[in-house]
Amino acid sequence: MTTTFEPTSTTDDAGAVDSFTVTMQVRRYQPEFHEEGYWESWTVEMHGTDRVLDALHKIKWELDGSLTFRRSCAHGICGSDAMRINGVNRLACKVLLKDLDTSKPITVEAIKGLPVEKDMIVDMEPFFQSYREIMPFLIADESQEPTRERLQSAEAREAFDDTTKCILCAACTSSCPVFWTDGQYFGPAAIVNAHRFIFDDRDEGGDMRLEVLNDKEGVWRCRTTFNCTDACPRGIQVTKAIAEVKQAILARNI
Amino acid sequence: MQVHKYDVVIVGAGGAGMRAAIESGQRARTAVLTKLYPTRSHTGAAQGGMCAALANVEEDNWEWHTFDTVKGGDYIVDQDAAEVMAKEAIDAVLDLEKMGLPFNRTPEGKIDQRRFGGHTRDHGKAPVRRACYAADRTGHMILQTLYQNCVKHNVEFYNEFYVLDMLMVDEDATRADGTPYTQKRVAGVVALELATGEIHIFQAKSVVFATGGAGKVFKTTSNAHTLTGDGMAIAYRHGIPLEDMEFIQFHPTGLAGLGILLSEAARGEGGILRNADGERFMERYAPTIKDLAPRDIVARSMANEVREGRGAGPNKDYVYLDLTHLEPEHIDAKLPDITEFARTYLGVEPYTEPVPVFPTCHYVMGGIPTDIEANVLQDNETRIPGLFAAGEVACVSVHGANRLGTNSLLDINVFGRRAGIYAAEYAKDADFVDLPENGEAFLENQIESLRSAEGTEKVGALRAELQEVMDADMQVFRSEETIRRAIDKIDELRERYKNVAVQDKGKRYNLDLLEGLELGYLLDIAEAMSVAALHRPESRGGHFREDFPDRDDDKWMVHSMLYRDENAETEGVKGIRFDTKDVVMTRYEPMERKY
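Residues numbered from 1 in each chain as written. Chains lettered and ligands numbered in written order. Predicted model: local features only at pLDDT ≥ 70, side-chain atom pairs only at ≥ 80, totals over all residues.

A. Structural detail: the overall build of chain A. When helices and strands are tallied, chain A shows nine helices and seven strands. Along the three orthogonal principal directions, the C-alpha set of chain A runs to about 70 × 60 × 35 Å. A sequence separation of at least 24 residues applies to 67% of the contacts in chain A between residues at least 6 apart. (Helix = DSSP H or I, 4+ residues; strand = E, 2+ residues; numbered from the N terminus. Contact = placed C-beta atoms within 7 Å.)

What follows is the structure, given as structure tokens:
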């Protein structure tokens, strides 16, 4: 039997937004040609559901090939294009221009707290160093491995579901005022990835990670400003995860 | 210029590259070179699942999985390879679980499984629950888990080192029957360090290519900007053949106008495709498994609905994916990411509104020919010692003319693992091949000429024209007329490419230059795809010729093999030699492909 339904009118309008002009004001850093950073603006015509990334591409491909930024998947999964857009950390591929106030210039800068290499490109190495320090891998006694999969209840799986979404884009860590002033702080992303294992009931390395995060540059530096939660493009409740790690340190008498 | 020496060098850090690295890194001194940071790789964008006949929720076995893979690939799958993949699938999933991958679970705590297109019970009787999954971010979890285990095993990464050439030498050799031939040997690779613009040579006993696909040949694609066919083109330029390049998968459910992927899991969980009249049109095209028919069939059916005037929207150019009859809680639990894509990018609420979708270029079934030990072949049977390939860049061939959903995440795990093991084992007993003199010269010249060129053509414009013509003429429906149009356009673009200039004249992170080099690869690959498509006068899997709508098993039950050869000509295109290779058959004879 063939089933039918009435299409709604809203979807027929999907993508039918007119074209508009927008001014992109971008913080440049071109150390091979200019010692200092500077602002540069371009006004471009964009369409309907175009994103900030599309505007940057338009500039790069048509107006100034030297404009430099990382990007890959262009739909919020690879984590390459975290930037400061109108003063807040976002993925350029997830911000639709029509959702911004295009009557004013849209500012785009590199994320803060990591050394800028060129335009929007920062050195990610300190970020990944913190990530590696929390031992971001399952620690379990391999001699006890079953021949089949380990069993895990759906509820136990749910306990760390939120923090498995992390794409390591650094939007959270580079939005954190503590991280801006103290680059030694592990930062939200490393704690989120520690949480992902600490609350996985298959893992046996929780106490070691809690030990690491009980350090003076660990979770206690967090001042719960919620910038990280606001910045996360994956909707992870970052501040909540940090709070759960703090509680675990207290509960387990680390 | 710096020179590095490793036993094994792996090029690419997606699923296949990192799965290989985990094996190789524990057996031999290994380096992984990646154009991105490892966790940026496009494996992370895969959504729906990874099939393995675990039989956790219903009866299943690897033989059924093999059959589905062979039938799904329209019978030009190499059956020995499909058998290896389906058998090793079970351990591949269990290995990932042991590495920590958070699969969704059954009420008993086992790995949960769901339905996926073309995967059936008992040779096509009904859909079967075979796909192991982690919500709709299975690829993300695989990529993260493999990276985590690379960190655990201290795998050495060279991040943002873009491999742009391979160092090969030709040796005179003699076959067992006494005939002389030229044996290719690999000595290493040449890479550009993006941060500095410096050239590095990596000498290695074994080289593994795991560079992924080439979806950016098309305008509408689910692929990342960085998927520009680099590995395929580098091999092709060195005289290594490309196999089955005419077979390109268009995923049925790309977000209309954008191409962003909406997983087949949406239909596995009960989603339905409808045309502008609200009709569930797949009932007409695949009466038994309907919306869960393989991707080539569904994509063609959708394109046909639009062509016959039953498309939806202001331009009648898409169809709908309807999830509105599913419970919002079910959608949130099983399909959270893709419903978020619909909201973010199209402003559509999938709980209550159908989502506009249209086929999007998704996967290249063809690639660098390998055998089941992931060893690259320089012709139909001769191995290149020490050169391996795995994942989308390779053609082993487990996907034939059309890949089944979930089989790519499986491919990268099974053949990535094999590549890592065989590469390390080869390196144990092998000697280094001497580096050719001035091995870096070719790349240095290429880079310098592009950086200093004063031409008038722009990379972005040429690439856009290429992508337009491929979308128009090489997509779901093809004919001699459309393919010739594509070839002529590519020919024109290759000429204009000689006159291309980049604006960024710096050395650090010169991504402008990089895009120029990538365009060169895209043009080579687009040409190979088009010439292969023109040279196959039949319709099979993802390759549909309107002028030859039937499958022709008498003449074309063979793989196509394309070589760069300056003395040859194929279909009027100079510099390409065409050959065929027999399909390996073990237990399945070709049958009519009905669902």
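B. Structural view of the packing of helix α13 (residues 459-473) of chain B against helix α15 (residues 511-534) of chain B. Residues and elements named next belong to chain B. Relative orientation of the contacting elements α13 and α15 amounts to 25°, with a least axis distance of 10 Å. Considering the angle they form, α13 stands roughly parallel to α15. Relative to α15, the crossing made by α13 is left-handed. Listed contacts from α15 to V459, L462, R463, L466 and M470 of α13 are E515, G516, L519, L522, L523 and A526. (Axes fitted to C-alpha atoms, helices over the stretch in contact; angles between N-to-C directions. Parallel < 35°, antiparallel > 145°, perpendicular 65-115°, else oblique. Left-handed = near helix turned anticlockwise from the far one by under 90°.)

C. Structural view of unusual backbone geometry. Look at the link from V396 of chain B to S397 of chain B: it is a cis peptide, with omega at -10°. On the secondary structure map, S397 of chain B appears in the loop between β18 (394-395) and α11 (407-429). Residue L168 of chain A is not a glycine yet carries a positive backbone phi of 55°. On the secondary structure map, L168 of chain A appears in the loop between α4 (154-158) and α5 (177-181). Its 25 C-beta neighbours within 10 Å are what place L168 of chain A among the buried residues. For E571 of chain B, which is not glycine, the phi dihedral falls at a positive 50°. (Buried ≥ 20, exposed ≤ 12 C-beta atoms within 10 Å, placed from the backbone.)

D. Highlighting the confidence of the model for chain A. Confidence in the prediction of chain A, expressed as mean pLDDT, is 92, and 93% of residues score 70 or more. Between residues 1-15 of chain A, whose pLDDT stays under 50, and residues either more than four places distant or in other chains, the model counts 32 contacts. (pLDDT = per-residue confidence, 0-100.)

E. Inspection of the pairing of strand β5 (residues 106-109) of chain A at higher detail. Residue and element names in this part refer to chain A. Pairing geometry for strand β1 (residues 20-28) and β5, over three bridges, is parallel. Paired with V26 across the two strands is V108, which belongs to β5. Bridge count between strand β3 (residues 82-85) and β5: two bridges; the pairing is antiparallel. Note that in β5 the partner of I85 across the bridge is V108. (Pairing = 2+ DSSP bridges.)

F. Structural view of the sheet that holds β3 of chain A. Residues and elements named next belong to chain A. Read from one edge of the open sheet, five strands run β2-β1-β5-β3-β4, paired in mixed fashion. Each of the sheet's edge strands pairs with one partner strand only, and the pair in question is β2 (38-46) and β4 (88-91). When the angles between neighbouring strand axes are averaged without regard to direction, this sheet yields 35°. With respect to the sheet, helix α2 (residues 52-63) is in contact with β1, β2, β3 and β5, its orientation differing from that of β2 by roughly 100°.

G. Representation of the sheet that holds strand β19 (residues 558-570) of chain B in the model. Residue and element names in this part refer to chain B. Read across the sheet, three strands follow the order β10-β19-β20 without closing on themselves; strand pairing throughout is antiparallel. Every other strand in the sheet has two partners, leaving β10 (242-243) and β20 (573-582) as the edge strands with one partner each. Contacts from α15 reach β10, β19 and β20, with the element oriented near 115° to β19.

H. Molecular detail of the environment of E32 of chain A. Tracing the backbone shows E32 of chain A in the loop between β1 and β2. Under the C-beta neighbour-count criterion, E32 of chain A is labelled partly exposed, with 14 such atoms within 10 Å. Not counting residues within four places of it along the chain, the set of residues in contact with E32 of chain A comprises G506, K507 and R508 of chain B.

I. Just the confidence of the model for chain B, in detail. Per-residue confidence for chain B gives a mean pLDDT of 96; residues scoring 70 or more make up 100%. Reported for the predicted complex are a pTM of 0.96 and an ipTM of 0.95.

J. Inspection of helix α7 (residues 206-213) of chain A at higher detail. All names here are of chain A. Restricting attention to buried positions, one finds in α7 the residues G206, R209, L210 and L213. Seen along its axis, α7 keeps its buried residues to an arc of 100°; they face one direction. Those residues of α7 that are buried lie in contact with α6 (188-198) and α9 (238-251). (Arc of directions from axis to C-beta.)

K. Summary view of the interface of chain A and chain B. In this assembly, 52 residues from chain A lie in contact with 61 residues from chain B. Those elements that place two or more of their residues in the side of chain A that touches chain B are α1 (9-12), α2, β6 (116-118) and α4 of chain A. No other element matches the three residues that α1 of chain A contributes to the side of chain A that touches chain B.

L. Fine view of the nonpolar core. Residue and element names in this part refer to chain B. Of all hydrophobic cores here, the largest spans 267 residues; its most connected members are V9, V208, I368 and A390. When residues in this core are grouped by element, the largest group, 16 residues, is from α15. With residues up to four places along the chain from it excluded, the contact list for I368 reads F209, G231, M232, A235, I240, L242, V376, A389, V393, A394 and C395. (Core = buried A, V, L, I, M, F, W, Y, C linked by C-beta atoms within 7 Å.)

M. Quick look at the pairing of β3 of chain A. All names here are of chain A. Across four bridges, β3 lies against β4 in antiparallel orientation. For R84, the partnering residue across the bridge sits in β4 and is N89. The antiparallel hairpin formed by β3 and β4 contains two residues in its connecting segment, where N86 sits at a positive phi of about 50°.

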